[in-house]
Amino acid sequence: NIGHLLLTTPVHNTRSTLPSYDGTPLVNEVRHSSLVDIAQYDFGSPGGIAWNVKNIFSYDSYGSDSSETSDGIGGQGEQGAFGNAAYTLFGANNEAGSVLTASMGPPVITYTDEVQVHANVDHGLLIGTLGAFYQDFSVGPTNQGTTNLYKLFAGTGNVNLGYNNAQGFVRHNDSNESAWYAQATLDLDKVGVHGLSLTAGYRNSWDYSTITQVPAVLTLPSGVFVPGTTPITTTSKSNGYNFTFSAAEQVDPDLMFY
């Protein structure tokens, strides 16, 4: 037997309010779409063991950008623009002269896939799961702008009375995570040990990420930020494991110790 369940959730929200004191529009924009496919194949119960395999695939695209006053007094103290702030580092905000040009950058794309094998031995005597998981997270480059621009006290500390650039331009970013895991529960009540069940599980995970950025250079008299020429690459990786063990005693339908 084969079954599929497909879920999609596209969302696009944009909110604009009156401009700040220097005419910069205040905008909050979010674009999000996702797709989840759950497929399951049931092998039946050959030899008294019920088997099924499940695959869970997902795709997610997320982008956001906001320009706002941060001081509560109309931006006279501080204002700025923040792209994909939930993830940091990704956006397309810039300026022309000393005026903010807020724009959403490339979306953050996330793929995941998880495969699970389920087994049920002798009608619940032993129930187990073996699984593997993979996730990839990436975002495309842009020369249009960067994520975080801010202006302090009308930009009086800048030669063009404009904005500061806090992050630089992203040239490459990719991050992935992999894992495998297993968990099983033995129901000893089915072999005469009243209400007792034992559960054990183990998971091993490892991840890797890399990001390459170049500094933002202010061009004059246009006041536009452009990518510099010296890339900076940062990588990180880690791995680890965790496990679980538990025992439960089902005294009666209303009382359990664990």
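Just above sits the structure.
Here's what I pulled together on the structure shown here. (Residues numbered from 1 in each chain as written. Predicted model: local features only at pLDDT ≥ 70, side-chain atom pairs only at ≥ 80, totals over all residues. Heavy atoms only, no water.)

Further remarks concern the packing of aromatic side chains. The final tally for this structure, using the stated rule, is five aromatic pairs. Aromatic pair tyrosine 59 and tyrosine 111: ring centres 5.4 Å apart, planes at 55 degrees, arrangement tilted. With tyrosine 59 in strand E4 (residues 49-69) and tyrosine 111 in strand E8 (residues 108-121), this pair connects stretches of sequence that are 52 residues apart. Aromatic pair tyrosine 202 and tyrosine 241: ring centres 5.9 Å apart, planes at 20 degrees, arrangement stacked. Remark: tyrosine 241 occurs in strand E16 (residues 232-252) and tyrosine 202 occurs in strand E13 (residues 196-214); sequence separation between them is 39 residues. Look at tyrosine 202 and you get partly exposed, because its relative accessible area is 31%. Pairwise contacts between aromatic rings join Phe57, Tyr59 and Tyr111 into one cluster. (Phe/Tyr/Trp six-rings, centres within 6.5 Å; stacked < 30°, edge-to-face > 60°. Helix = DSSP H or I, 4+ residues; strand = E, 2+ residues; numbered from the N terminus. Buried < 20%, exposed > 50% of the residue type's maximum accessible area, 1.4 Å probe, protein only.)

Judged by nonpolar contacts, Ala81, Leu100, Leu149, Tyr163, Phe169, Val214 and Phe225 together constitute the single largest core of seven residues. If we skip the residues at most four places from it in the chain, alanine 81 touches Ser66, Ser67, Asn93, Leu100, Ala102, Thr147, Asn148 and Leu149. Formed by six residues, the second largest nonpolar core is a distinct cluster that contains Phe90, Val139, Val170 and Ile211. (Core = buried A, V, L, I, M, F, W, Y, C linked by side-chain atoms within 4.5 Å. Contact = heavy atoms within 4.5 Å.)

Pairing analysis gives five bridges linking E4 to strand E5 (residues 78-83), with the strands arranged antiparallel. Considered in E5, the bridge of serine 67 is made with alanine 81. Strand direction decides the pairing type here: E5 and strand E10 (residues 148-152), joined by five bridges, are antiparallel. In the sheet register, alanine 81 faces E10, and the bridge partner there is leucine 149. (Pairing = 2+ DSSP bridges.)

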